[in-house]
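Each chain, written out:
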Amino acid sequence: GARACLQGLRVSRHATRAEAQGAWVRGPAKRLPPSPGPPKRHGRNRALLALALSATLAPALRPGPDLRTRQRRRRTHAGARASAAMDLLDPLSHPLAEAKAVCLGSGRFLRAVLVPALTGAGLPCVVMQTRRRSFMDHMGAKAGTPDAGLYEVDTVEYDGRLVTQKLRVVAAGSLGSDAGMAAFLELPKACPELCIIGVGVTEAGLAKGSKTMADLAQFLLAFYAARGSDARLSVLCTDNVPGNGDAIRDAVLAARGDGTSAAALAWIRSSVAFHNSMVDRITSQREGDAEVPRAEPLPVKTLVFEDIGGLLPAGLGAQPGVYVRHLPGEIDQDHELKLCIANGIHTASVYALALSGLEDTRAFSPGTGHEALLANYIDTASL
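Just so we're clear, the structure is a prediction, and the values are computed from it rather than from any experiment.

### Details of the overall build of the protein
Secondary structure summary: the protein contains 13 helices and 13 strands in total. When the 383 residues of the protein are sorted by exposure, 40% land in the buried category. Considering only contacts in the protein between residues 6 or more positions apart, those separated by 24 or more positions represent 68%. Put simply, the protein shows about 20,700 Å² of open surface, and 55% of that area lies on carbon and sulfur atoms.

### A word on the packing of aromatic side chains
The final tally for this structure, using the stated rule, is five aromatic pairs. On the numbers, 5.7 Å between centres and 80° between planes, the contact of Phe135 with Tyr151 is edge-to-face. Of this pair, Phe135 sits in helix H6 (residues 134-140) while Tyr151 sits in strand S3 (residues 150-156), and the two are 16 residues apart along the sequence. Grouping residues by exposure puts Phe135 and Tyr151 together as buried. When the centroid spacing of 4.5 Å and the interplanar angle of 20° are considered together, the rings of Phe184 and Phe219 count as stacked. With Phe184 in helix H7 (residues 178-185) and Phe219 in helix H9 (residues 211-227), the pair connects residues that are 35 residues apart, well separated along the chain. Here a set of aromatic residues connected by ring pairs shows up, and it is made of Phe184, Phe219, Phe223, Tyr224 and Trp267.

### Concerning the packing of H9 against helix H11 (residues 262-271)
One way to put it is that H9 packs onto H11 with a least axis distance of 10 Å and a crossing angle of 105°. Classified by the angle their axes make, H9 and H11 are roughly perpendicular. Residues Leu220, Leu221, Phe223 and Tyr224 of H9 form the contact with H11, whose participating residues are Ala263, Ala264, Trp267 and Ile268. Its residues assigned to classes, the contact of H9 with H11 shows eight nonpolar, no polar and no charged.

### Brief notes about the pattern of salt bridges
Side-chain pairs of opposite charge can arise whenever the charged atoms involved come near each other. One pass over the structure, following the stated rule, counts eleven salt bridges. Members of the salt-bridge network, linked through shared partners, are Glu152, Asp154 and Arg286.

### Some points on the nonpolar core
Core analysis: the largest hydrophobic core is formed by 37 residues, its most contacted members being Leu220 and Ile248. Here this core takes six residues from H9, the largest share from any one element. Counting 30 residues, the second largest nonpolar core, distinct from the first, contains Phe109, Val127, Val153 and Val169.

### Considerations on the environment of Gly198
By the element assignment, Gly198 lies in strand S6 (residues 196-199). Taking C-alpha positions, Gly198 is 5.9 Å from Val235, a pair spaced 37 residues apart along the chain. Dropping the residues within four chain positions of it, Gly198 is found in contact with Val102, Cys103, Leu104, Leu114 and Leu236.

### Quick look at the sheet that holds S6
If you walk across this open sheet you meet the six strands as S5-S2-S1-S6-S7-S8, and the pairing is parallel. Every other strand in the sheet has two partners, leaving strand S5 (171-174) and strand S8 (272-274) as the edge strands with one partner each. If you compare each strand with its neighbour and ignore which way they point, the axes differ by 20° on average. Judged from the four bridges that link them, strand S1 (residues 101-104) and S6 form a sheet pairing that is parallel. Paired with Val102 across the two strands is Ile197, which belongs to S6. Packing of helix H10 (residues 244-254) onto the sheet brings it into contact with S6, strand S7 (233-237) and S8, and relative to S8 it is tilted by some 130°.

### Brief notes about H11
In an α-helix, one turn spans 3.6 residues; hence positions three or four apart end up facing the same way. Ala264, Leu265, Trp267, Ile268 and Ser271 are the residues of H11 that are buried. Looking straight down H11, one finds its buried side chains confined to an arc of 165°; they lie on one side. Of the exposed residues in H11, the ones pointing more than 90 degrees away from its buried face are Ala262, Arg269 and Ser270.

### Digging into the pairing of S3
By the criterion of burial, S3 is predominantly enclosed, with six of the seven residues buried. Pairing geometry for S3 and strand S4 (residues 162-168), over seven bridges, is antiparallel. Bridge pairing in S4 places Val156 opposite Leu162. In terms of strand pairing, S3 meets strand S11 (residues 289-295) through two bridges, oriented parallel. The residue of S11 that forms the bridge with Thr155 is Ala295.

### Things to note about the sheet that holds S11
Ordered in space as S4-S3-S11-S10, the four strands form an open sheet in which the pairing is mixed. Lying at the two open borders of the sheet, with one neighbouring strand each, are S4 and strand S10 (283-286). Pairs of neighbouring strands in the sheet enclose a mean axial angle of 40°, with direction left out of account.

### Considering the environment of Ala375
Along the chain, Ala375 falls in helix H13 (residues 371-382). Separated by 26 residues in the primary sequence, Ala375 and Ser349 place their C-alpha atoms 9.6 Å from one another.

### Some thoughts on a nonpolar patch on the surface
Together, Tyr158, Leu298, Val300 and Tyr323 give the surface a local cluster of nonpolar side chains, amounting to about 420 Å² of exposed area. Residue placement: Tyr158 occurs in the loop between S3 and S4.

### Looking at the pairing of S6
Covered by surrounding structure in S6 are Ile196 and Gly198 together with Ile197 and Val199, the residues of both alternating faces. Pairing analysis gives four bridges linking S6 to S7, with the strands arranged parallel. Paired with Ile197 across the strands is Val235, a residue of S7.

Rules behind the numbers
- Residues numbered from 1 in each chain as written.
- Predicted model: local features only at pLDDT ≥ 70, side-chain atom pairs only at ≥ 80, totals over all residues.
- Heavy atoms only, no water.
- Helix = DSSP H or I, 4+ residues; strand = E, 2+ residues; numbered from the N terminus.
- Buried < 20%, exposed > 50% of the residue type's maximum accessible area, 1.4 Å probe, protein only.
- Contact = heavy atoms within 4.5 Å.
- Areas by Shrake-Rupley, 256 points an atom, 1.4 Å probe, with all protein chains shown as cover.
- Phe/Tyr/Trp six-rings, centres within 6.5 Å; stacked < 30°, edge-to-face > 60°.
- Axes fitted to C-alpha atoms, helices over the stretch in contact; angles between N-to-C directions.
- Parallel < 35°, antiparallel > 145°, perpendicular 65-115°, else oblique.
- Nonpolar A, V, L, I, M, F, W, Y, C, P; charged D, E, K, R; others polar.
- Salt bridge = Lys/Arg side-chain N within 4 Å of Asp/Glu carboxyl O.
- Core = buried A, V, L, I, M, F, W, Y, C linked by side-chain atoms within 4.5 Å.
- Pairing = 2+ DSSP bridges.
- Arc of directions from axis to C-beta.
- Patch = residues over 30% accessible without salt bridge, like charges linked within 9 Å, V, L, I, M, F, W, Y side chains within 5 Å.

This is the structure we're talking about:
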C-alpha cells in the first residue's frame with residue numbers, strides 16, 4: 001500500500017498544486033510533464049507531499065506493541081468484560097438461586113472470618129462491595145478459569161507455617177453502579193433461600209444517614225415485597241462496636257422512605273433480627289497483594305452472635321471460632337473479657353517493652369529468655 005502511494009505521488013518537482021492533487025486521486029500514472037515557468041508556491045507543494053507521505057507511512061513504520069504488552073491488554077479487556085457482566089451478578093461458581101447469604105462489604109475480616117463461617121454452615125454467599133469494585137474485578141479476572149468463584153486467604157499457623165485456603169462465593173458485585181444496585185435489589189427474588197445479611201462496614205457505615213444503611217433499608221423493603229410478611233431474615237455485623245445490631249436497626253428505620261407502608265415497618269421490627277455481635281481477630285494482607293487477607297488463628301473466640309430468639313441456623317454456631325449467646329446480656333461478658341484480658345495484655349506489653357528496651361512483642365515468645373518478663377510485670381504492676 002505504501003509503494004502504491006509512492007508511485008501515485010511521483011509528480012514532477014515543478015508540478016502545480018492541482019497536478020499534485022490529481023496525481024493523489026488518480027493513483028499510479030505516468031510522470032507528468034514539467035509545467036512551464038517557475039512553479040508557484042513551490043514550498044507549499046513540498047509540504048503537502050511530505051504531509052501525505054507521513055500520514056501514509058507512519059502507521060506502517062510505527063513499531064507495534066511487544067508480546068507482553070499485547071497479552072496484558074488482552075487480560076485487561078477480558079477482565080473488564082467479565083467485570084461488566086458481574087455488575088449484573090452473573091454466578092461465578094454455583095447458580096445464583098443457591099445463595100443463602102449476602103454480605104455488604106468485602107473487607108479482609110469479612111472475607112477471612114465471616115464468609116468462611118457462613119460457607120461452612122452451608123450458607124453460600126454473594127459479596128457486594130458498597131462503593132468500589134476492586135474485589136469484583138479481582139473475581140472477574142478469574143471468570144472462565146479453574147479458580148472461578150474462588151478467592152484466597154493466608155493464615156499463619158502457630159508453628160509459623162503459611163497456609164493458603166481457597167474459599168468460594170456464588171457471585172460478587174458492587175453497589176457503586178446503577179446496574180449493581182438494581183441486581184442487588186433483585187436478590188430476594190433470585191435467591192429463594194436467602195436468610196442472612198452480613199454487614200462488614202466500618203463504624204461510619206453504621207451511622208444514621210450513611211449510604212450503606214440506606215441501601216440496606218431498600219433491600220429489606222425489596223425482601224418484604226418479594227417474600228411477604230411471613231419471611232424471616234437475620235442481619236449480622238462484623239464491626240467491633242457493642243450493640244452494633246441495635247445501631248443498624250435504628251439506622252435502617254431512620255433511612256426508610258416517606259412512602260414506606262406501616263405493614264413493611266411492622267415486618268422490619270418484628271421479623272428482621274438485628275443480631276448484636278463481638279468480633280476479635282486482626283487481619284492484614286498478603287505482601288504485594290491487597291486482595292488476599294492474611295490472619296492468624298487467634299484468638300480462638302473470633303465471632304460471637306447474640307441470638308435470643310433462636311433464629312440463626314444451628315450449623316453457624318458449630319463453626320470454628322463462632323459462639324452463639326442465647327441469654328440477654330450474656331454477650332456483654334464477651335466484650336468485657338476482650339477489653340479486660342486481651343486488650344489489657346496488649347497494653348501491658350507496650351509498657352513492658354518500653355521499660356525493658358525490647359523492640360518487638362516476639363521477644364516475649366517461649367525460648368527467647370524474656371518470656372518471664374511480661375508475666376512478672378503483669379503480676380506486679382498491672383494486677
